[in-house]
Every structure is written in C-alpha cells, then in structure tokens.
Amino acid sequence: MHTLSAILYLSFLGSVLGLVGGLLVLWKEKLARKMSLYLISFAAGVILSVAFLDLLPEAIAYGGENVFILVLVGMVSFFLAEGFLLHFHHHESHSHPVKPVAPFLILGDSIHNFIDGVAIAAAFMADPKLGFIVAVATFFHEIPQEIGDFVVLLQAGMSRQKVLLANLFSAVMTFAGALLTYFSFNHSQFLLGPLLAISTGMFLYISSADILPELVKEGDHNRWHVASLFLSGITLIFFLGKLLPG
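Bear in mind the structure is a predicted one, so any value in this text is a computation, not a measurement.

Peer 1: Sorry, what's going on with the side chain of Thr-138 here?
Peer 2: Among the structural elements, Thr-138 can be located in helix α6 (residues 128–155). Setting aside residues no more than four positions away along its own chain, Thr-138 makes contact with Gly-14, Asp-116, Ile-120 and Phe-203.

Structure below.
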C-alpha cells in the first residue's frame, strides 16, 4: 500500500472511528458514562506503554543525543498548549462536571487531533508497524475522550446533530496533521527523530497529567477494575509490538 494511503487509513482509525464513543452517548448516555472510567483506564495503559515501548526507542534510533531534551520539549509544549489553548479539552468528569464554552472545547479537540495526525504520520514514516501501533493507541484514547466531549456539549445546550458534526470536524483535523507531516517531512528523514521524540513527550504528558489523575480521582470504588484494565492496555501494546511483523 502506498505510504500516503496507509497514513490516511491509520488517521481514520485513530480519529474518526473513535467517534464510536460519542455515538454511544447519543444512543445510551448512562451506559456511556458508566463505561467511560473503564475505557479511560485501558487507554492510560495503552498510551503510556506506546510512549515507552515503541515511540521512545524509535526516537532514540533516529534522533541521537538530543532525544531526551526533545521529549521534555514535547511534554512542556503540550502542558503550555493545554494550559492556554486546550484548557477545555478533557475527559468528562462525573464527580466534578464542568460546562466549558462549546467553541473552545471544539478548538481544543481540533488541535489535539491535529497533533495526533502528526504523530501517526511521523511514526508510520519511521516504521509502518509503529504507525499502526500509534494509531491504535490514539483510537483507544479517542473513545473515552469523545464520550466526555459529547456529554459536555449536550449539557451546554447543543443539539445532537450539531454535537456530531462538531466532533466530526474535529476528527477530520487528524488528516490535516497527517498530510502536513507527510508532505513536509517525507523527504527529510533526519527530522523524523525530533518529531518522534516530541510525540513521545506528548504521549507521556497525556498519560501522566491528563489520564492517570482522572483514574486516581474517580477510581477509588473500582480500584481493582481500573488496575486490571490499565495493565491490560499495557499488555496489549507489549504483545502487538512482539507479534506484528517488523
């Protein structure tokens, strides 16, 4: 399969298919809310293990001695972006519901999806297996994220149709990030290392500062379920890395 076609397919997997979480909200909101914490637990294990087991080793192979500085740059950049631009991009909280202004939530989600597209494309150009694993990780992260976004936008008064269209628009931004990366860096292999290192930092930030605190805050009464799903996410990525052809 042509590289660009494969990247677009993986972008579809990592973003648009993740809308299944939002569709679950439109179908059965109570069930979606109940499942959200468990899906977040699984996604946390997936994202964290992809960062350490897949992205970081590939970044080191491509990036040399500056890799860890760039990982830090990725973490700090995403922290600043989330603080100033992505403040409204979050998982829906059952114990502390918030109602952000809808346009800011959609903007934050769009920027996040754009960055996901960059990560998927850079990973695939470095190693097709890595691209697939990153897309899988993005997919599992998107499902609970979309549950939260749909719930918050519905609570903010948007109609179901507008909520669906807004989130579809945000998901499409993954393609924009992937296409920009492909056409900008396809013939600049030396830039893949820095992109992978920055993506590693972003994945580490998402898992450690965004997802894991959510589990600590809300997982007390489901601690064993949360822990088992978290470990299941790690296990999935470990075996994907071992079993997929290189």
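Peer 1: In this structure, what is going on with the packing of helix α2 (residues 20–27) against α6? I would like to understand it.
Peer 2: Packed helix pairs are characterised by how far apart their axes lie and by the angle those axes make with each other. Put simply, α2 and α6 touch, their axes get as near as 6 Å, and they point 45 degrees apart. By the angle between their directions, the pair α2 and α6 is classed as oblique. In the packing of α2 onto α6, the handedness of the crossing is right-handed. Residues Val-20, Gly-21, Gly-22, Leu-23, Val-25 and Leu-26 of α2 lie in contact with α6, whose contacting residues are Ile-143, Glu-146, Ile-147, Phe-150, Val-151 and Leu-154.

Peer 1: Got a minute to help me understand a nonpolar patch on the surface in this structure?
Peer 2: A cluster of nonpolar side chains, namely Phe-52, Leu-53, Phe-238, Phe-239 and Leu-243, defines an oily patch on the protein surface of about 530 Å² accessible area. Contributions of two or more residues to the nonpolar patch are made by α3 (29–63) and α9 (223–243). Here the nonpolar patch takes three residues from α9, the largest share from any one element. Tracing the sequence through the fold places Leu-53 in helix α3.

Peer 1: How should the nonpolar core be read in this particular structure?
Peer 2: Among the nonpolar cores identified, the biggest contains 52 residues, and Ile-7, Val-50, Leu-55, Val-134, Leu-196 and Phe-203 are the most heavily contacted of them. Every element with two or more residues in this core is listed here: α1 (3–14), α3, α4 (67–84), α5 (102–126), α6, α7 (160–185), α8 (192–218) and α9. Sequence-distant contacts of Leu-196, that is, excluding residues within four places in its chain, are made with Leu-55, Glu-58, Ala-59, Tyr-62, Ala-122, Ala-123, Ala-126 and Leu-130.

Peer 1: What's the story with α5 in this structure? I'm lost.
Peer 2: The first and last C-alpha atoms of α5 sit 36 Å apart over 25 residues, in line with the 36 Å expected at 1.5 Å per residue. With 20 of its 25 residues buried, α5 lies for the most part within the structure.

Peer 1: How do you make sense of the packing of aromatic side chains when you look at a structure like this?
Peer 2: Across all of its chains, the model carries six aromatic pairs by this definition. Note on Phe-42 and Phe-140: the rings are 5.0 Å apart at their centroids and 75 degrees apart in plane angle, and the pair reads as edge-to-face. Pair noted here: Phe-42 is in helix α3 and Phe-140 is in helix α6, with a separation of 98 residues, a long-range link. On the basis of relative accessibility, which here comes to 23%, the residue Phe-140 falls in the partly exposed class. Taken together, a centroid distance of 5.3 Å and an interplanar angle of 85 degrees make the contact between Phe-238 and Phe-239 edge-to-face.

Peer 1: What's the story with the environment of Leu-244 in this structure? I'm lost.
Peer 2: Among the secondary structure elements, Leu-244 is positioned in the segment after α9. With relative accessibility at 24%, the residue Leu-244 sits in the partly exposed group. Aside from chain neighbours lying at most four places away, what touches Leu-244 is Lys-129, Phe-132, Ile-133 and Phe-239.

About the thresholds
- Residues numbered from 1 in each chain as written.
- Predicted model: local features only at pLDDT ≥ 70, side-chain atom pairs only at ≥ 80, totals over all residues.
- Heavy atoms only, no water.
- Helix = DSSP H or I, 4+ residues; strand = E, 2+ residues; numbered from the N terminus.
- Contact = heavy atoms within 4.5 Å.
- Axes fitted to C-alpha atoms, helices over the stretch in contact; angles between N-to-C directions.
- Parallel < 35°, antiparallel > 145°, perpendicular 65-115°, else oblique.
- Left-handed = near helix turned anticlockwise from the far one by under 90°.
- Patch = residues over 30% accessible without salt bridge, like charges linked within 9 Å, V, L, I, M, F, W, Y side chains within 5 Å.
- Areas by Shrake-Rupley, 256 points an atom, 1.4 Å probe, with all protein chains shown as cover.
- Salt bridge = Lys/Arg side-chain N within 4 Å of Asp/Glu carboxyl O.
- Core = buried A, V, L, I, M, F, W, Y, C linked by side-chain atoms within 4.5 Å.
- Buried < 20%, exposed > 50% of the residue type's maximum accessible area, 1.4 Å probe, protein only.
- Expected span 1.5 Å × (residues − 1).
- Phe/Tyr/Trp six-rings, centres within 6.5 Å; stacked < 30°, edge-to-face > 60°.

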